[in-house]
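Next come the chains, spelled out residue by residue.
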Amino acid sequence: MDVASYIEGNRERFFADLKEWLAIPSISGDPAHQSDVRRSADWLAGYLREQGFPTVEVWETAGLPAVFAEWPAADPDAPVVVVYGHHDVQPVEPLDEWDSDPFDPVEKGDRLYGRGASDDKGQVFFHTLGVRAGLAASGATEPPVTIKLLVEGEEESGSVHFPELLRERRDRLACDVVVISDTTMWSADVPSMCTGMRGLTEAEVSLYGPDIDLHSGSFGGAVPNPLHAMASLLAALHDEDGRVALPGFYDGVVPLTDEERELFARLPFDEAAWLKMAGNSGAAYGEKGYTTLERVWARPTAEINGMWGGHTGPGGKTIVPREAHAKVSFRLVAGQEPRAVQEAFKAFVAEHTPAGVRSEVHIPSAGVRPCFSPIDSAAVRAARRAMARAFGKEIMFTREGGSGPEADLADILEAPLVFLAVGLDDDQIHAPNEKVEMPLLLKGAEAAAYLWEELATTLRRA
């Protein structure tokens, strides 16, 4: 029996089991559902034992638990692969916008609806079928690579305790490559691999002038206005070409290769449709010299998320306000560090604060580091071959504008990343009526089965 035949023969059982897991409301961000996150971890651990994983453990953290499972290869010199995903899910409100109960999974044609169907239980789950399919096709009792599953329980609430878990369990998680199954493809008809995710850092800046709001007739034009100063400061964040004006902001940024730009350009991107999806935005905008996809996926940005100060209620109030505030965020790409950008922003604010105004910059967190996988790396080439075998098509490349814990995996485990995922942008993850395309989950299982073969050959250690 070949891989595809085994997967098709076990299709019904696979989806029945997945529905059982999806029915557990493992919302990590809601304290009322913490027991459900634990129940989800216990359910997955029990299922992995049933599937034959010799080692399965629930790993406690200072927050909510992760699940670890290991299936060693027969060959002690075979490559070791960590597969990362998460079993927690987003909140489901507003409930009245769901067409069915978010935790009572429903099939409609080739689609399975329910919270977590795509992000990320469905994409974690296809690996279990892929392992079994590969073993059935080969007649072996062990996979060609050592497989370690790491399924965390707090990704949807910031992975707060995840770096500490990785450091504590680093020896158990030692590997040659990390496979990420928590992203999307371009489309069902244009299968693709993600090769990077942007990082993120945020800041709140406050400017203070007089001790009280002042009468603008008596004092306007004669003392500094914090809102004027804030407007000037924020306007100076970008130059006339849309580039971020922080000194050193682009130092170390890994540039797009000619091959990547050519592959991005071959994607069937409809900018007019994209702008409509982007809240009916009237035009594309951004750093000069780059396409819209390149800006979203591979270039760093600075965004003003909010600004306030002075009188904002009904009616007029002619004052010089005593203070002004703004929230900004920076999306980062490979080669940038959140801490360096934070320090550069603090220096930028100090430089652009006029005499008579006092500035403060609050950084709420350490930020999220970007991650990146070169398209010519051995592991990425192996995964691309595996996906091409499953889909029967050329596999394209994308990146993602969002951020996650992938950089921690790469840095702490000191292993390259490979993204193998079959979600779609229209799966409505984080939104009502989340769904997954069931045939794509089966293709994901097939690609995973082939991936272990490809990595066993490509990464074999001397």
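Residues numbered from 1 in each chain as written. Predicted model: local features only at pLDDT ≥ 70, side-chain atom pairs only at ≥ 80, totals over all residues. Heavy atoms only, no water.

A. Spatial organisation of the packing of aromatic side chains. In the structure shown here, the tally under the stated rule is 18 aromatic pairs. Look at phenylalanine 264 and tryptophan 297: their rings are 4.9 Å apart centre to centre, the planes differ by 75°, and that puts the pair in the edge-to-face class. Remark: tryptophan 297 occurs in helix α10 (residues 292-298) and phenylalanine 264 occurs in helix α8 (residues 258-266); sequence separation between them is 33 residues. Overall, tryptophan 297 belongs to the buried group, its relative accessible area being 10%. Aromatic ring contacts, followed pair by pair, group Phe14, Phe15, Trp21, Trp43, Tyr47 and Phe125 into a single cluster. A cation over a ring is seen here: lysine 108 above tyrosine 113, with NZ or CZ 5.1 Å from the ring centre. Directly above the aromatic system of tyrosine 250 lies the positively charged group of arginine 243, at a separation of 3.9 Å from the ring centroid. (Phe/Tyr/Trp six-rings, centres within 6.5 Å; stacked < 30°, edge-to-face > 60°. Helix = DSSP H or I, 4+ residues; strand = E, 2+ residues; numbered from the N terminus. Buried < 20%, exposed > 50% of the residue type's maximum accessible area, 1.4 Å probe, protein only. Lys NZ or Arg CZ within 6 Å of the ring centre and 35° of its normal.)

B. The pairing of strand β14 (residues 323-332), seen in detail. Counting buried positions over the 10 residues of β14 gives seven, a clear majority of the element. Bridge count for strand β10 (residues 199-208) against β14 is 10 bridges, and the pairing is antiparallel. Bridging across to β14, glutamate 202 finds its partner in serine 329. (Pairing = 2+ DSSP bridges.)

C. Structural detail: the sheet that holds β10. Strand order in the open sheet made by the four strands is β12-β14-β10-β15, with antiparallel pairing throughout. In the strand order of this sheet, the two ends are held by β12 (301-309) and β15 (358-362), each with one partner. Each adjacent strand pair in this sheet contributes to an overall mean axis angle of 20°, direction not counted. Across eight bridges, the pairing between β12 and β14 is antiparallel. Looking across to β14, one finds that isoleucine 304 is bridged to valine 328. Most of the contacts of helix α7 (residues 226-235) go to β14, to which it runs at about 15°, and overall it touches β10, β12 and β14. Relative to β10, helix α11 (residues 338-351) is tilted by about 20°, and along the sheet it contacts β10, β14 and β15. (Axes fitted to C-alpha atoms, helices over the stretch in contact; angles between N-to-C directions. Contact = heavy atoms within 4.5 Å.)

D. How the structure looks around the pattern of salt bridges. Summed over all chains, the structure comprises 28 salt bridges. Between glutamate 434 and arginine 115 there is a salt bridge; the shortest N-O distance is 2.9 Å. Of this pair, glutamate 434 sits in the loop between β19 (423-424) and β20 (435-437) while arginine 115 sits in the loop between β5 (111-113) and α4 (121-138), and the two are 319 residues apart along the sequence. No difference in accessibility class separates glutamate 434 from arginine 115, as the two residues are buried. A salt bridge links arginine 322 to glutamate 323; the shortest N-O distance between them is 3.9 Å. (Salt bridge = Lys/Arg side-chain N within 4 Å of Asp/Glu carboxyl O.)

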